[in-house]
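# Structural characterization, general
Each chain is listed here by its residues.
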Amino acid sequence: MESIIEQFINGLRSGSIYALIALGYTMVYGIAKMINFAHGDIIMVGAYVLYVSITDLKMPVIPAVLFTIIVCAILGIVIEKVAYKPLRKAPPLAVLITAIGVSYLLQSVALLIFTANPITFKSIINLDTIKIGGITIPGITIVTLVVTSVCMIALTLFINKTKAGSAMRAVSEDKAAAQLMGINVNRTISLTFAIGSALAAVAGIMFICQFQSIKPTLGALPGIKAFVAAVLGGIGSVPGAMLGGILLGVIESLSKAYLSTELSDAIVFGVLVIVLLVKPSGLLGKNRIEKV
Amino acid sequence: MNLLEVKNLGISFGGLRAVDNVNLLIEKGQLYGLIGPNGAGKTTVFNLLTGVYRPTDGTIKLDGVDLVGKSPSEICKSGIARTFQNIRLFKKMTVLDNVKTALHNQQGYSLAESFLHLGSYFKREKSMDEKALEILKVFDLDGQAHYLAGNLPYGKQRKLEIARGLATNPKLLLLDEPAAGMNPNETAELMDTIQLVRKRYGITILLIEHDMKLVSGICEKILVLNFGMELAAGTPEDVLNNPEVITAYLGE
């Protein structure tokens, strides 16, 4: 029994990281109607920036974390301005290919600077393991759960309660009408990319504190899984991304522990296939009915 | 004094001259009608005025300020608001949020401010709510403030669009076929609302309409477009008795 609970909490941990990344996919999709396949690589960039700012620039932990988040947010804005904005009226396929190109570009630059050898990273979170009854919870798990929950609550409040948040909702529904109501669409899109990338940076930091190793392809797998989480929850839906991420993490963790480690990814993607067969718009996605 | 001065306005899409040499002088406080057969270029004129399209020639001045080349959001801030022929509300947002989104971007505060002064954030949000409800009350929508906009009945959605336009605090309000799809009762009610809005907010209104009863009932001046060009302009009586206008509408 204890071990099931431990595995479940493990799943919550990785799931909440997926959820943070999935939020970036889903917000960008909602606003720019594109899948930003370079999003996973922001995680990797965040990991390297944190590593460099702590080991090379000798920054203390908190400023290094903030610095990492800011660098990633700016990178997100720059990528949108340089690569995606000129293609805003282009067919979706062109944007998709560009996003994949940006993804490879980021990986190749990391490869050039840091080589393909994994770098060992010592976790910046040193919290002791906690025992409640017979259950042991590693410190990093607790920190991850707290940080990701705070991020998700803050984001939800931001989207629903602030001026910029309501502008984001308006732009995601009808860009042209929003513009005619005085909303600066370009600024709103930039802000979305900045927030998405900042969340990816946080996810990246949590991720490397767990696995303590950095390489240029680090972002690929969590990126893809978070994308699956976003689709599972209903792409474009913010609560959907959170639910999808956590669900995916828990399923993955439980199937690793009780079914098969090798097959865990297959099970995760299998769940996606089944959900999409039953509900093609994802768990919390809205079915779009075209009125004729 | 003229609020809106449009001179020699024109736009071509490739070889198609959609609007050609249109002049429009609207005085402050006037209720002006823009009519014409289907495809005459009425909505295109709206799109030119609001910056959705950039004119190939001509000038547009609002209160003496040149608007040509400004982005739609800038033009909205300089004082032109509009509604759409096919309703374009933010359907998944509440009625209140639709109006607040427009309010926010008029006299907004910056993102940094909303984080730095959380106290005044709540105060501002509260006054924003009150302002939005006040506007909704004019349109008899305050009872449905927390409905999703997409769930309102059709006539009310049309009204909400006008309310949302008003919330941007415009000098000039453009209404694109406000009575489209309404029954005679709803149209009559709408005419009253438009009159009321005009008196209460003292704004100038330019409207596109097919319902002749509505146009001749409330507009002080009318411009008739046909094939993108001016066909006639003047008071409703002059214009509607003009033989050329009758021909354009009914054929020979």
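What you see is a predicted model; the values in this text were computed from it and never measured. (Residues numbered from 1 in each chain as written. Chains lettered and ligands numbered in written order. Predicted model: local features only at pLDDT ≥ 70, side-chain atom pairs only at ≥ 80, totals over all residues.)

Time to look at the overall build of chain A. Each helix and strand in chain A was counted, giving eleven helices and four strands. The C-alpha radius of gyration of chain A comes to 19 Å, within 12% of the 19 Å expected for a compact globule of 292 residues. Residue pairs at least 24 apart in sequence account for 75% of intrachain contacts in chain A once pairs closer than 6 positions are excluded. (Helix = DSSP H or I, 4+ residues; strand = E, 2+ residues; numbered from the N terminus. Rg over C-alpha atoms; globule rule 2.2 N^0.38 Å. Contact = placed C-beta atoms within 7 Å.)

Our next topic: the pairing of strand β9 (residues 221-226) of chain B. Residue and element names in this part refer to chain B. The element β9 is largely enclosed, with a buried count of five among its six residues. Pairing analysis gives four bridges linking strand β3 (residues 31-35) to β9, with the strands arranged parallel. Looking across to β9, one finds that Ile35 is bridged to Val224. Note: β9 against strand β10 (residues 229-234), five bridges, orientation antiparallel. Bridging across to β10, Ile222 finds its partner in Gly234. Between β9 and β10, which pair antiparallel in sequence order, lie two residues; one of them, Phe227, sits at a positive phi of approximately 50°. (Buried ≥ 20, exposed ≤ 12 C-beta atoms within 10 Å, placed from the backbone. Pairing = 2+ DSSP bridges.)

Glancing now at the sheet that holds strand β1 (residues 2-13) of chain B. All names here are of chain B. Spatially, four strands are ordered β2-β1-β4-β5 in an open sheet, and the strand pairing comes out antiparallel. Each edge of the sheet is formed by a strand with only one pairing partner; in this case those strands are β2 (16-27) and β5 (65-66). Along the sheet face, helix α1 (residues 42-49) touches β1, β2 and β4 (57-62) and points at about 70° away from the line of β2. (Axes fitted to C-alpha atoms, helices over the stretch in contact; angles between N-to-C directions.)

Think of an α-helix as turning once every 3.6 residues; residues three or four places apart then point the same way. Residues and elements named next belong to chain A. The terminal C-alpha atoms of helix α9 (residues 220-233) lie 20 Å apart, and with 14 residues this matches the ideal 20 Å at 1.5 Å per residue to within 8%. Within α9, eleven of the 14 residues are buried, which leaves it mostly tucked inside the rest of the structure. For α9, the full list of buried residues reads Pro222, Gly223, Lys225, Ala226, Phe227, Val228, Ala229, Ala230, Val231, Leu232 and Gly233. Those residues of α9 that are buried lie in contact with α1 (2-32), α2 (39-56), α8 (185-211), α10 (238-258) and α11 (264-278). Taken from the residues just after α9, Gly234 is the one with a positive phi, measuring 110°. (Expected span 1.5 Å × (residues − 1).)

Right, let's talk about the nonpolar core for a bit. Ranked by internal contacts, the top residues of the largest apolar core, which has 156 residues, are Ala19, Ala22, Cys72, Ala203 and Ala229 of chain A together with Ala163 of chain B. Among the elements that line this core, the one with the most residues is α8 of chain A, at 15 residues. Looking at which domains feed residues into this core, each of domain 1 (1-79 + 170-252) and domain 2 (89-165) of chain B supplies at least three. Residues in contact with Cys72 of chain A, not counting those within four places in the same chain, are Ile42, Val45, Gly46, Ser197, Ala198, Ala200 and Ala201 of chain A. (Core = buried A, V, L, I, M, F, W, Y, C linked by C-beta atoms within 7 Å. Domains from an automatic or database assignment.)

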